[in-house]
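Here's the letter readout for the chains.
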2 protein chains.
Amino acid sequence: MKRNTWQREAVRGALGANDGFISAQALHSALHSTGSPIGLATVYRALADLAVKGDADSLQSPEGESLYRACSTNDHHHHLICRNCGLTVEIEADAVETWAKDVAAQNGFTQAAHVVDVFGLCTACTAQAAASAR
Amino acid sequence: MKRNTWQREAVRGALGANDGFISAQALHSALHSTGSPIGLATVYRALADLAVKGDADSLQSPEGESLYRACSTNDHHHHLICRNCGLTVEIEADAVETWAKDVAAQNGFTQAAHVVDVFGLCTACTAQAAASAR
DNA sequence: GCCCTGTTGATAATGATTGTCAAAACCATT
DNA sequence: AATGGTTTTGACAATCATTATCAACAGGGC
């Protein structure tokens, strides 16, 4: 049976209080800075649980860290990420969902998961890049 | 000044000879198995150089490894990857291409690149998993 | 061939993540 | 409120990919 502990609530709360994606390590130190004695391993476990239950989503930063964030909707969705400033926009992609499922099924694959993320430069960073290139 | 070494050519060749994404570690052992005494650090450096020059693409696998593939600008496609045995199937995704471009443009993003890959269990591994779960 | 400088590679170092396991916490039940 | 069976925790060790180090080496212009 799953039990409710203050540690899990703390992680869930800290995630929700944060706007963008945050690393497990950063979340752990954020919790520590508020006086919480929660352990690092526990933060990792809580995040993994949240991700499995669909209450959080995760992605890999270009540097290879796992980043997490509270899921604003229960729906499965994807992200448009600025590769310069990290700004993240949630995007709906029903068409892609069904496409991924279909293409997997057509090739005999089961348990299809997919990685669909779009990286680019947001408006601000595009302007900035243009300015510095000048 | 950049120098031409057989090591860099070996890495470029091995990447090109491979269809899907491959990890730096796997590429290194593949090279070793052909008798090449190339060092692991050199493989990492060569891959980083290729990625910077735009001759290779990289993405993070769900497990956190960095995967690389030769960048064939004239033949952009995606992959259906068995998470158990590594079998890779190339998939066409014109619909996804245009979708990615559109969604980026709609949000003011420029220089849109996208990571679109589907992970699942291939027919053989699905059967195997079912058998061992029994 | 010589010399200067970029490159290599064995190994150590780094840093995130996961495994271990005894102690503590949870919660249904008494 | 006390008990007891189980889950969870957390300090620490272990693991794994990747990066840094640095002396030895090789490319290429002279």
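Naming follows an unreviewed UniProt entry, where chain A appears as Transcriptional repressor of Cryobacterium suzukii. Recorded under Subunit (unreviewed entry), the UniProt text for chain A is reproduced unchanged: "Homodimer." Reading the Sequence similarities (unreviewed entry) entry of the UniProt record for chain A gives the comment "Belongs to the Fur family."

Caption draft 1: Looking closely at the interface of chain B and chain A. Counting residues at the interface gives 36 residues for chain B, matched by 36 residues for chain A. In total, chain B and chain A occlude about 2,800 Å² of area from one another, counting both sides; carbon and sulfur atoms represent 65% of this. Interface area lost by chain B to chain A is led by Gln60(B), Trp99(B) and Phe109(B), which between them contribute 23%. At the boundary of chain B and chain A, one finds zero salt bridges. The interface formed by chain B and chain A holds two residue pairs in polar contact (both at pLDDT 80 or more) in total. Mapped by element, the contributors of at least two residues to the side of chain B that touches chain A are strand S4 (78–82), strand S5 (88–91), helix H4 (94–106), strand S6 (110–121) and helix H5 (123–133) of chain B. Here the side of chain B that touches chain A gets twelve residues from one element, more than from any other, and that element is S6(B). Each residue belonging to the side of chain B that touches chain A can be placed in one class, and the counts come to 22 nonpolar, eleven polar and three charged. With nine bridges connecting them, strand S6 (residues 110–121) of chain A and S6(B) associate as antiparallel partners. Each residue of the ladder has a partner; that of Val115(A), found in S6(B), is Asp117(B).

Caption draft 2: Quick peek at the pattern of salt bridges. If you walk through the whole model with that rule in mind, you get five salt bridges over all chains. A salt bridge links Arg8(A) to Asp49(A); the shortest N-O distance between them is 2.9 Å. Of this pair, Arg8(A) sits in helix H1 (residues 6–17) while Asp49(A) is found in helix H3 (residues 40–53), placing the two residues 41 residues apart along the sequence. For Arg8(A), a relative accessible area of 31% puts it in the partly exposed group. Linked by salt bridges that have partners in common, Arg12(B), Lys53(B) and Asp55(B) make up one network.

Caption draft 3: Fine view of the pairing of S6(B). Summarising the sheet, S4(B) and S6(B) pair through four bridges and their orientation is parallel. Opposite His79(B), over in S6(B), you have Asp117(B) as the bridge partner.

Caption draft 4: Fine view of the relation of the copies chain B and chain A. The operation relating chain B to chain A is a screw motion whose rotation component is 177°, with 0.8 Å of axial translation and a residual RMSD of 2.6 Å. Here the two chains are linked by the operation of a two-fold rotation axis. Residues of chain B ranked by C-alpha distance from the rotation axis are headed by Gly64(B), positioned 2.4 Å from it. Interface overlap between copies is the fraction of interface residues in one copy that are interface residues in the other; for chain B against chain A it reaches 100%, indicating a shared surface.

Caption draft 5: Main features of the environment of His77(A). Residue and element names in this part refer to chain A. Within the element layout of this structure, His-77 appears in the loop between strand S3 (66–70) and strand S4 (78–82). Judged by relative accessible area, His-77 falls into the buried class, the value being 7%. In sequence terms His-77 and Val-96 are 19 residues apart; their C-alpha atoms lie 9.8 Å from each other.

The rules behind the values
- Residues numbered from 1 in each chain as written.
- Chains lettered and ligands numbered in written order.
- Predicted model: local features only at pLDDT ≥ 70, side-chain atom pairs only at ≥ 80, totals over all residues.
- Heavy atoms only, no water.
- UniProt positions renumbered as here; feature names shortened; annotations may be inferred.
- Contact = heavy atoms within 4.5 Å.
- Buried area = accessible area lost by both parts, 1.4 Å probe.
- Salt bridge = Lys/Arg side-chain N within 4 Å of Asp/Glu carboxyl O.
- Polar contact = N/O pair within 3.5 Å; in protein donor to acceptor, adjacent residues only side chain to side chain.
- Helix = DSSP H or I, 4+ residues; strand = E, 2+ residues; numbered from the N terminus.
- Nonpolar A, V, L, I, M, F, W, Y, C, P; charged D, E, K, R; others polar.
- Pairing = 2+ DSSP bridges.
- Buried < 20%, exposed > 50% of the residue type's maximum accessible area, 1.4 Å probe, protein only.
- Least-squares fit on C-alpha atoms with pLDDT ≥ 70 in both.

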